[in-house]
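Here is what each chain is made of, one letter per residue.
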Amino acid sequence: MENSKVATRVRAIIIEQLGVDPARATDDASIVDDLGADSLEVAQIVMMIEDEFNIEISDESAADAVVTVGDAIYVVVASKTKS
């Protein structure tokens, strides 16, 4: 899957889960600080991303690795590259 398609889908998951304006879901937007997610919503987003892309993001790395929208996209791209 192309990186641009990954980015589009990851953004859609975040926008849908948090109900935010799509214009706010930029790569450098913090999912918690800028988009207002709480820890439960971040966990839900990670699970939805795992399901969507058939990948596994370890619980420890999820909290540290998925801080911004761009981080969430990077995690998917990096895991797809490994497999």
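Residues numbered from 1 in each chain as written. Predicted model: local features only at pLDDT ≥ 70, side-chain atom pairs only at ≥ 80, totals over all residues. Heavy atoms only, no water.

**Student:** Quick question: what am I supposed to make of the overall build of the protein here?
**Tutor:** What the protein contains, in helices and strands, is four helices and zero strands. Element order for the protein, N to C, with α for helix and β for strand: α-α-α-α. Rg of the C-alpha trace for the protein: 11 Å, near the compact-globule value of 12 Å for 83 residues, within the 12% margin. When its C-alpha atoms are laid out on the principal axes, the protein stretches across 30 × 25 × 20 Å. Scored against the burial criterion, the 83 residues of the protein give a buried share of 41%. Of the charged side chains in the protein, 6 are positive and 17 negative, and the gap between their average positions amounts to 9 Å. (Helix = DSSP H or I, 4+ residues; strand = E, 2+ residues; numbered from the N terminus. Rg over C-alpha atoms; globule rule 2.2 N^0.38 Å. Buried < 20%, exposed > 50% of the residue type's maximum accessible area, 1.4 Å probe, protein only. Lys, Arg positive; Asp, Glu negative; His and termini not counted. Charge placed at Lys NZ, Arg CZ, Asp CG, Glu CD.)

**Student:** Sorry, what's going on with the side chain of Ser 30 here?
**Tutor:** With respect to the helices, strands and loops of the structure, Ser 30 is situated in the loop between α1 (3-18) and α2 (39-53). Apart from residues lying up to four places away in sequence, Ser 30 is in contact with Leu 35, Val 67 and Thr 68. (Contact = heavy atoms within 4.5 Å.)

**Student:** Explanation requested: α2 in the structure shown.
**Tutor:** Helical geometry: 3.6 residues make up each α-helical turn, so side chains three or four residues apart lie on a common side. In a regular helix each residue adds 1.5 Å, so 15 residues correspond to 21 Å; α2 covers 21 Å between its end C-alpha atoms and thus fits that length. Considered for burial, the residues of α2 that qualify are Val 42, Ile 45, Val 46, Met 48, Ile 49, Glu 50 and Phe 53. Where α2 begins, the capping side chain belongs to Asp 38, and its oxygen is found 3.1 Å from the backbone nitrogen of Leu 40. Just downstream of α2, Asn 54 is the residue with a positive phi angle, here 55°. (Expected span 1.5 Å × (residues − 1). Polar contact = N/O pair within 3.5 Å; in protein donor to acceptor, adjacent residues only side chain to side chain.)

**Student:** Looking at this model, I keep getting lost on the pattern of salt bridges. Mind explaining?
**Tutor:** Charged atoms that come close allow side chains of opposite charge to pair. Counting across every chain of the model gives two salt bridges. One salt bridge in this structure joins Arg 11 and Asp 27, with 2.3 Å as the shortest N-O distance. Of this pair, Arg 11 sits in helix α1 while Asp 27 sits in the loop between α1 and α2, and the two are 16 residues apart along the sequence. By relative accessible area, Asp 27 is classed as partly exposed at 42%. (Salt bridge = Lys/Arg side-chain N within 4 Å of Asp/Glu carboxyl O.)

Shape descriptors only; they carry no functional weight alone.
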